Amino acid sequence: MTAAPRTLYDKIWDDHVVHQAEDGTCLLYIDRHLVHEVTSPQAFEGLRMTGRKVRAPEKTIAVPDHNVPTTAGRDKHIDNVESRVQVEALDKNAKDFGIHYYPVTDIRQGVVHIVGPEQGWTLPGMTVVCGDSHTATHGAFGALAHGIGTSEVEHVLATQTLIQKKSKNMKVEITGSLRPGVTAKDITMSVIGLTGTGGGTGYVIEYCGQAIRELSMEGRMTVCNMAIEGGARAGLIAPDEVTYAYCKGRPHAPTGEKWDAALSYWKTLFTDEGAHFDKVVTIKGEDIAPVVTWGTSPEDVVAINGVVPAPSEFSGGKVVAAQRSLDYMGLTAGMKLTDIKIDTVFIGSCTNGRIEDLRAAAAILKGKKVAPGMRAMVVPGSGLVRAQAEQEGLAQIFLDAGFEWRLAGCSMCLAMNPDQLSPGERCAATSNRNFEGRQGRGGRTHLMSPAMAAAAAVAGHLVDVRDVMGVDA
Amino acid sequence: MDKFTTLTGIAAPMPLVNIDTDMIIPKQFLKTIQRSGLGKNLFDEMRYTLEGQEIPDFVLNQPAYRQAQIIIAGDNFGCGSSREHAPWALLDFGIRCVVSTSFADIFFNNCFKNGILPIILPQDQVDVLMEDAKKGANARQTVDLEAQTITTSDGQSFGFDVDPFRKHCLLNGLDDIGLTLEKVSAIDSFEMTASAARPWV
Ligand code: SF4
């Protein structure tokens, strides 16, 4: 008997079903549970109230990232009382329940989705959850990874399982190679621009094709990170030599015989020839340009050499939404993107806060200065990324260019800590969401790649990085 | 969790598409370590000025909708973050049901865990409910979960789909964790088999 061909998603799913009810509802086993301070306090409180324990503390990893200031002295004192209470609650919960923990005093602390892979917690074929929508990031390893709510955090803590219904399979193929100046960020934003923020709803996306294969692990994480902005439950990329090389030698990656066993299992993690996808999107790598967002939804994507669209170009409810976005963003239809002036630049987040992102930004900034009056900051994704960037001399390039060089955390990606935009301030950001108020009430966000953000910092307005690099558009 | 059986209440029209979780509950209110008390900050930046004054135009500030229990919304309601603070804030305000053509996945899940019923209907039916909601406080809509219907103030009824397991949990106010722990022996045996097959996990 030959088994029916299965997708990568099918295979990982099948290997984690604990129980399946008649209506198809499954109890799915969770291999890794990542925890941060904002979405977990009520879950731990729930355990205390019911006298339950954490079922698998050895598979549970916590790190504070959303609230923590990114300036010196934060290990001694956090000024904001509510932030301090949340971080202290995590300190206590980690200790009381005996889970792995990277406090702010630990050099390994950072954004949870950067720390997980960096420490080798995330490995191919695993199920990974976190009370955070950007858990999709870990899909870059061929792990089934998605965000959950706080009630589900409590459920996973107590049972190490999640109640789930299977999603449908969607394939996003990026054929050929990317052109110079075009990055993983441009791939993932272009896909959302094409399919919309609801285009992936109900699906798990597998990204494939030559352009995906040619990405580093860092780039693949950037792609999967924003699967959620496209509405998908998760993004996946089949593991390959690049993946194995990244995992090997990480603190929590297997060694010796276990490594060999893991490797032979990982090599079975690919979509079988002829497996069924419910939806397929194909984009030519050569057609992707460096892109930015103009509005207040991640689907508001345009090529940098384009213009701000008019609401009349849309249909349905999007006409009103587009007008609202233009008003909020203070833009007029038909305006060239490169004429948009900015006053703030944020390089960081779980989308683009890894070493490769900092290298790309530093390459643009070397020997240059940010435009007068520009507030520019780099927030490395983890303490280890920060240390490596210092070792490679990148930190000095940022400092010489006039950037602030911060400690690791989420920072201005969601502005829960002191790093925020003021009303009307306009920011070139490497993060993932441009919602109204995301980076501070009244703040205006344009999403883009690290190289594009760096180029904008120097120019004082949005700019086509290809012009700066001297490559053809 | 409170049971959800039937609900008759005021429906607030919010036709905007892509209402995201940052709109529903801005991040400055995520610093709480409790579930309750978020209702006053529901839709905070749309509802209040920077100085904290109510914005009279915003639907939930209008006298007719202050007691709303249902929201009729534009496409893709609840997109964005996984924050369960979004349904907590809705619930704390008094909202028990949201109707749209589509919802973001995590938000949709989170609703059921908190006794809120999200209903997906086709555009033309959402349009009818939206128009009905615009009539104000005297136009009460009725949701019957057992029968899987929602009815406008003038008696027009639409059927909706709901996952049977979730329906059962809502109707009975059941706690997921308790239900799962009844299957603890299945979890134990899965762990044994899986750790033999994949010892590196
Ligand atoms: S960096 Fe931003 S998107 Fe990533 S986990 Fe932190 S807040 Fe969420």
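Residues numbered from 1 in each chain as written. Chains lettered and ligands numbered in written order. Predicted model: local features only at pLDDT ≥ 70, side-chain atom pairs only at ≥ 80, totals over all residues. Heavy atoms only, no water.

1. Considerations on the sheet that holds strand β5 (residues 100-101) of chain A
All names here are of chain A. The five strands are arranged β5-β4-β3-β6-β7 in an open sheet whose pairing can be described as parallel. Looking at the sheet topology across the chains shown, the edges are occupied by β5 and β7 (144-147). Sheet analysis places strand β3 (residues 32-35) next to strand β6 (residues 127-130), joined by three bridges and oriented parallel. Along β6, the bridge assignment pairs Leu 34 with Cys 130. (Pairing = 2+ DSSP bridges. Helix = DSSP H or I, 4+ residues; strand = E, 2+ residues; numbered from the N terminus.)

2. Quick notes on empty space enclosed by the protein
Residues and elements named next belong to chain A. For the structure shown, the criterion picks out six cavities of 30 Å³ or more. Volume-wise, the largest cavity comes out at about 220 Å³. In terms of lining, the largest cavity is formed by 23 residues, of which the most central are His 66, Asp 132, His 134, Leu 414 and Arg 438. Elements that contribute at least two residues to the lining of the largest cavity include exactly α4 (112-118) and α12 (349-352). (1 Å grid on protein atoms, 1.4 Å probe; cavity = no way out; pocket = protein on both sides within 12 Å on 5 of 7 lines; lining within 4 Å. Points joined across faces, edges and corners; volume = space filled by probe spheres on them.)

3. Overview of the UniProt feature "domain: Aconitase A/isopropylmalate dehydratase small subunit swivel" (unreviewed entry) in chain B
In the numbering used here, UniProt assigns the "domain: Aconitase A/isopropylmalate dehydratase small subunit swivel" (unreviewed entry) feature to residues 1-123 of chain B. Spanning residues 1-123 of chain B, this segment combines 21% helix with 17% strand, and its end C-alpha atoms are found 31 Å apart. (UniProt positions renumbered as here; feature names shortened; annotations may be inferred.)

4. Thoughts on the domain arrangement of chain A
Residue and element names in this part refer to chain A. Examined at the domain level, chain A breaks down into domain 1 (8-166) and domain 2 (291-469). Facing 25 residues of domain 1, the contacting portion of domain 2 comprises 24 residues. Interface area, domain 1 with domain 2, both sides summed: about 1,900 Å², of which 64% is carbon and sulfur. Between domain 1 and domain 2 we count zero salt bridges in total. Elements that contribute at least two residues to the side of domain 1 that touches domain 2 include exactly α3 (81-97) and α4. Class assignment for the residues of the side of domain 1 that touches domain 2 results in eight nonpolar, 13 polar and four charged. (Domains from an automatic or database assignment. Contact = heavy atoms within 4.5 Å. Buried area = accessible area lost by both parts, 1.4 Å probe. Salt bridge = Lys/Arg side-chain N within 4 Å of Asp/Glu carboxyl O. Nonpolar A, V, L, I, M, F, W, Y, C, P; charged D, E, K, R; others polar.)

5. Re the packing of aromatic side chains
Throughout the structure, instances matching the rule amount to 16 aromatic pairs over all chains. With a centroid separation of 5.7 Å and 40 degrees between ring planes, the pair formed by Phe 103 of chain B and Phe 108 of chain B is classed as tilted. You can call Phe 103 of chain B buried: its relative accessible area is 3%. Taken together, the ring pairs connect Phe 77, Phe 103, Phe 107, Phe 108 and Phe 112 of chain B into an aromatic cluster. A cation over an aromatic ring shows up here: Lys 166 of chain A above the ring of Tyr 9 of chain A, its NZ or CZ 5.1 Å from the ring centre. (Phe/Tyr/Trp six-rings, centres within 6.5 Å; stacked < 30°, edge-to-face > 60°. Buried < 20%, exposed > 50% of the residue type's maximum accessible area, 1.4 Å probe, protein only. Lys NZ or Arg CZ within 6 Å of the ring centre and 35° of its normal.)

6. Structural notes on the side chain of Arg 83 of chain B
Considering the arrangement of structural elements, one finds Arg 83 of chain B in the loop between β2 (70-73) and α3 (85-93). Classification of Arg 83 of chain B by relative accessible area gives buried; the value is 3%.

7. Observations regarding the site of the ligand
Residues and elements named next belong to chain A. Near the ligand, the surroundings consist of His 66, Val 111, His 113, Asp 132, His 134, Ser 349, Cys 350, Cys 410, Cys 413, Leu 414, Asn 432 and Arg 438. Judged by the fraction of its atoms near the pocket grid, the ligand is located in the largest cavity. By residue class, the composition of the shell around the ligand is five nonpolar, five polar and two charged. Viewed by domain, the shell around the ligand spans two of them, domain 1 (8-166) and domain 2 (291-469), each represented by three or more residues. (Near = heavy atom within 4 Å. Sits in = over half its atoms within 2 Å of the grid points.)

8. Some details on the side chain of Arg 426 of chain A
Residues and elements named next belong to chain A. With respect to the helices and strands, the residue Arg 426 is situated in strand β18 (residues 426-429). Comment: no salt bridge for buried Arg 426; closest opposite-charge side chain is Asp 343, at 6.5 Å. Polar side-chain contacts of Arg 426 include one of 3.4 Å to the backbone oxygen of Lys 341. Setting aside residues no more than four positions away along its own chain, Arg 426 makes contact with Met 329, Gly 330, Leu 331, Ile 340, Lys 341, Ile 342, Asp 343, Thr 344, Arg 444 and His 446. (Lys, Arg positive; Asp, Glu negative; His and termini not counted. Polar contact = N/O pair within 3.5 Å; in protein donor to acceptor, adjacent residues only side chain to side chain.)

9. Examining a nonpolar patch on the surface
Among the surface-exposed residues, Val 81 and Val 85 of chain A together with Ile 33 of chain B lie close enough to one another that they form a single nonpolar patch of about 220 Å² accessible area. With respect to the helices and strands, Val 85 of chain A occurs in helix α3. Here Val 85 of chain A falls in the partly exposed class, since its relative accessible area comes to 33%. (Patch = residues over 30% accessible without salt bridge, like charges linked within 9 Å, V, L, I, M, F, W, Y side chains within 5 Å. Areas by Shrake-Rupley, 256 points an atom, 1.4 Å probe, with all protein chains shown as cover.)

10. Regarding the layout of surface pockets
Here the second largest pocket defines a volume of roughly 760 Å³. Along its surface, the second largest pocket is lined by 32 residues, and Arg 324 and Glu 436 of chain A together with Leu 16, Met 46 and Phe 58 of chain B are the ones closest to its centre. Of all the secondary structure elements, the ones that give two or more residues to the lining of the second largest pocket are α11 (318-329) of chain A together with β1 (6-14), α2 (44-47) and α5 (123-133) of chain B. Among the elements that make up the lining of the second largest pocket, the one with the highest residue count is α5 of chain B (four residues). Across the lining of the second largest pocket, the residue classes break down as 17 nonpolar, seven polar and eight charged.

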